[in-house]
Amino acid sequence: RLIPESHSPRLVSLGILSGLILLGAISLPVTGKEMAQQAQAGPAYQAYLERIQEVVPRDAKVLGNLNADYAFDQGALLDYRNLGLLEQEGLSFADYVRSRGIQFILYPSEMDLIYQQRPIWNDMYGNLYPYYEEMQEFLGKDCDLLDQFPTPYAMRIARRFPDDQAVLTIYQVKAAQK
């Protein structure tokens, strides 16, 4: 027998249950700051969406994180994760923006950190290396900066970085302004 007679199935089950409860308790937020952030998530998220909507029309074609999807009409948001396929599709970043009719770009500061610390965070948006520098050039030359504000929603990996690094920058594509 694998389980000695002194360890009845009931005791083994109780031990497993106790272990699962302990594991769950350890994974709960342990700091007051984290609990406060989670308690504020509803109003903070709504404020995040409202700030975006002050600058970007609901029906505009937008490149951004999925967490901004509720700020726009269905189908208006294109997710950054699609950019991992640019090389495979033979598209440059600029080609992608133009071919999809993207008018606004919601740029989260986490993109810079992910690029700087690659390949650790490649699972977030794929490998940024093939398009990152071109994207930076495009943002600098082919876009106008409309707004920039701190928000925890600009940093999905927020627990790893200081709060002041979580910034969302909203750009408007110049070609879309005509």
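Report follows, based on the coordinates.

### Some words on the environment of G64
Argument step 1. Relative to the assigned elements, G64 resides in strand β1 (residues 62-64).
Argument step 2. Those residues in contact with G64, other than ones at most four positions away along the chain, are L77, L78, D79, Y80 and L106.

### A look at the sheet that holds strand β5 (residues 167-173)
Argument step 1. With mixed pairing, five strands are arranged side by side in an open sheet as β2-β1-β3-β5-β4. Only two strands of the sheet have a single partner each, and these edge strands are β2 (77-79) and β4 (143-150). Adjacent strand axes in the sheet meet at a mean angle of 20 degrees, parallel and antiparallel pairs treated alike.
Argument step 2. Relative to β5, β4 runs antiparallel, the two being bridged by seven bridges. Bridge pairing links F149 to L168 in β5.
Argument step 3. Along the sheet face, helix α8 (residues 129-142) touches β3 (104-108), β4 and β5 and points at about 125 degrees away from the line of β3.

### Let's talk about the nonpolar core
Argument step 1. Core analysis: the biggest nonpolar cluster contains 24 residues, and L63, F93, I105 and M135 have the highest contact counts within it.
Argument step 2. Top element by residues in this core is α8. It accounts for five residues.
Argument step 3. When neighbours within four sequence positions are excluded, I105 is seen to be in contact with L63, Y80, F93, V97, F138, L139, C143, T169, I170, Y171 and V173.

### With respect to the pattern of salt bridges
Argument step 1. Counted under the stated rule, the structure contains four salt bridges.
Argument step 2. Between D147 and R51 there is a salt bridge whose closest N-O contact spans 2.9 Å. Separated by 96 residues along the polypeptide, D147 in strand β4 and R51 in helix α3 (residues 41-55) bring together distant segments of the chain.
Argument step 3. On the accessibility criterion, D147 (13% relative accessible area) is buried.
Argument step 4. Across the pair R81 and D79 runs a salt bridge whose closest N-O atoms are separated by 2.3 Å.
Argument step 5. Given a relative accessible area of 44%, R81 falls into the partly exposed group.
Argument step 6. Here D79 falls in the buried class, since its relative accessible area comes to 9%.

Each value, and the rule that gives it
- Residues numbered from 1 in each chain as written.
- Predicted model: local features only at pLDDT ≥ 70, side-chain atom pairs only at ≥ 80, totals over all residues.
- Heavy atoms only, no water.
- Helix = DSSP H or I, 4+ residues; strand = E, 2+ residues; numbered from the N terminus.
- Contact = heavy atoms within 4.5 Å.
- Pairing = 2+ DSSP bridges.
- Axes fitted to C-alpha atoms, helices over the stretch in contact; angles between N-to-C directions.
- Core = buried A, V, L, I, M, F, W, Y, C linked by side-chain atoms within 4.5 Å.
- Buried < 20%, exposed > 50% of the residue type's maximum accessible area, 1.4 Å probe, protein only.
- Salt bridge = Lys/Arg side-chain N within 4 Å of Asp/Glu carboxyl O.

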